[in-house]
Amino acid sequence: MTNREMDFTGGEILYFNKPLDWTSFDLVNKFRYKLSRKLNVKKIKVGHAGTLDPKATGVMILCTGKATKRIDEFQSAAKEYVASIKLGETTPSFDLEKEVDRTYPVDHITCETVKEALAKFTGEIRQVPPVFSACKIGGKRAYELARKGEDAPLKAKTLVIDAIELLACTLPVIQIRVTCSKGTYIRALARDIGEALHSGAHLIALQRTRIGSVTLDMCMSPDHMDDYLKNIILK
């Protein structure tokens, strides 16, 4: 643990490895609660720099106090993900949050055709966000409308995918590493890869491995929050 003096009101930046099935707000709220007790204050400003879906794990940057002004800076940084995608099946959420709703043929897909399809998604692309997302439509979150069964038409957005690397190909499952810009939905990328292969696809695992220069090995498990706060020195 650190012996550096910490000033959470003045602003500190912390790196966490978000667990599976936690929302981003779960992580923020848990740390804010424990930090407030440590500081013996009712409120302390804590925010995160980039949402992760409940079914995703990995790097999350938390900013406290005046350091929350740097959230936009971190959100704009390049991000890296490792994603496992199952071909031949789709879900409404494009991941494991929802049950499989349709199946598609996969016999025509080879590892070579997967590589050819992935090459189409590097550079500047247009991507329609998932309906189960936090994008706003008429002042409401898309996922709020989707969960009510209401139409949630979303417009395509321009983004940049710097690189896609095929890490493993054990059909019908593939694993890829993606380096991309702010605003990229890896769930939507999985959907589009499935369509490019004339099939369907959805995420079965997702881990964010980097935000800017912050890598997964620099991140703290939430299980260690208590020990961390116990050992810090406050200014």
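This text follows the structure it describes.
Values in this document were obtained by computation on a predicted structure and should not be read as measured data.

Draft legend 1. Local environment of unusual backbone geometry. Pro172 follows Leu171 through a cis peptide bond whose omega is 15°. Turning to its location among the elements, Pro172 is positioned in the loop between strand S11 (157–170) and strand S12 (173–180). In this structure, Asn40 takes a positive phi of about 60° despite not being glycine. Relative to the elements of secondary structure, Asn40 occurs in the loop between helix H1 (24–39) and strand S3 (46–48). Here His198, not a glycine, exhibits a phi torsion of approximately 55°, which is positive.

Draft legend 2. The pairing of strand S2 (residues 13–18), seen in detail. Here S2 shows a clear split, with Leu14, Phe16 and Lys18 buried on one side and none of Ile13, Tyr15 and Asn17 buried on the other. Summarising the sheet, S2 and strand S4 (residues 56–64) pair through six bridges and their orientation is antiparallel. Looking across to S4, one finds that Leu14 is bridged to Leu62.

Draft legend 3. Seen up close, the side chain of Thr64. The residue Thr64 is located in strand S4 in this model. Among the polar contacts made by the side chain of Thr64, one reaches the main-chain carbonyl oxygen of Phe8 at a distance of 2.7 Å. Excluding residues within four positions of it along the chain, Thr64 makes contact with Phe8, Gly11, Glu12, Leu14, Phe31, Leu35, Lys45 and Val46.

Draft legend 4. Quick look at the nonpolar core. Judged by nonpolar contacts, the single largest core of 44 residues is most densely connected at Phe31, Ile85, Ile176, Ile186 and Leu189. Filtering out sequence-adjacent residues up to four positions away, Ile186 remains in contact with Tyr81, Ala83, Val178, Cys180, Leu203 and Leu206.

Draft legend 5. Region of the structure containing helix H3 (residues 111–119). Among the residues of H3, those classed as buried are Val114, Ala117 and Leu118. The buried residues of H3 occupy one face: seen down the axis, they fall within an arc of 100°. Elements that come into contact with the buried residues of H3 comprise strand S5 (79–87), S11, S12 and helix H5 (186–196).

Definitions and cut-offs
- Residues numbered from 1 in each chain as written.
- Predicted model: local features only at pLDDT ≥ 70, side-chain atom pairs only at ≥ 80, totals over all residues.
- Heavy atoms only, no water.
- Helix = DSSP H or I, 4+ residues; strand = E, 2+ residues; numbered from the N terminus.
- Buried < 20%, exposed > 50% of the residue type's maximum accessible area, 1.4 Å probe, protein only.
- Pairing = 2+ DSSP bridges.
- Polar contact = N/O pair within 3.5 Å; in protein donor to acceptor, adjacent residues only side chain to side chain.
- Contact = heavy atoms within 4.5 Å.
- Core = buried A, V, L, I, M, F, W, Y, C linked by side-chain atoms within 4.5 Å.
- Arc of directions from axis to C-beta.

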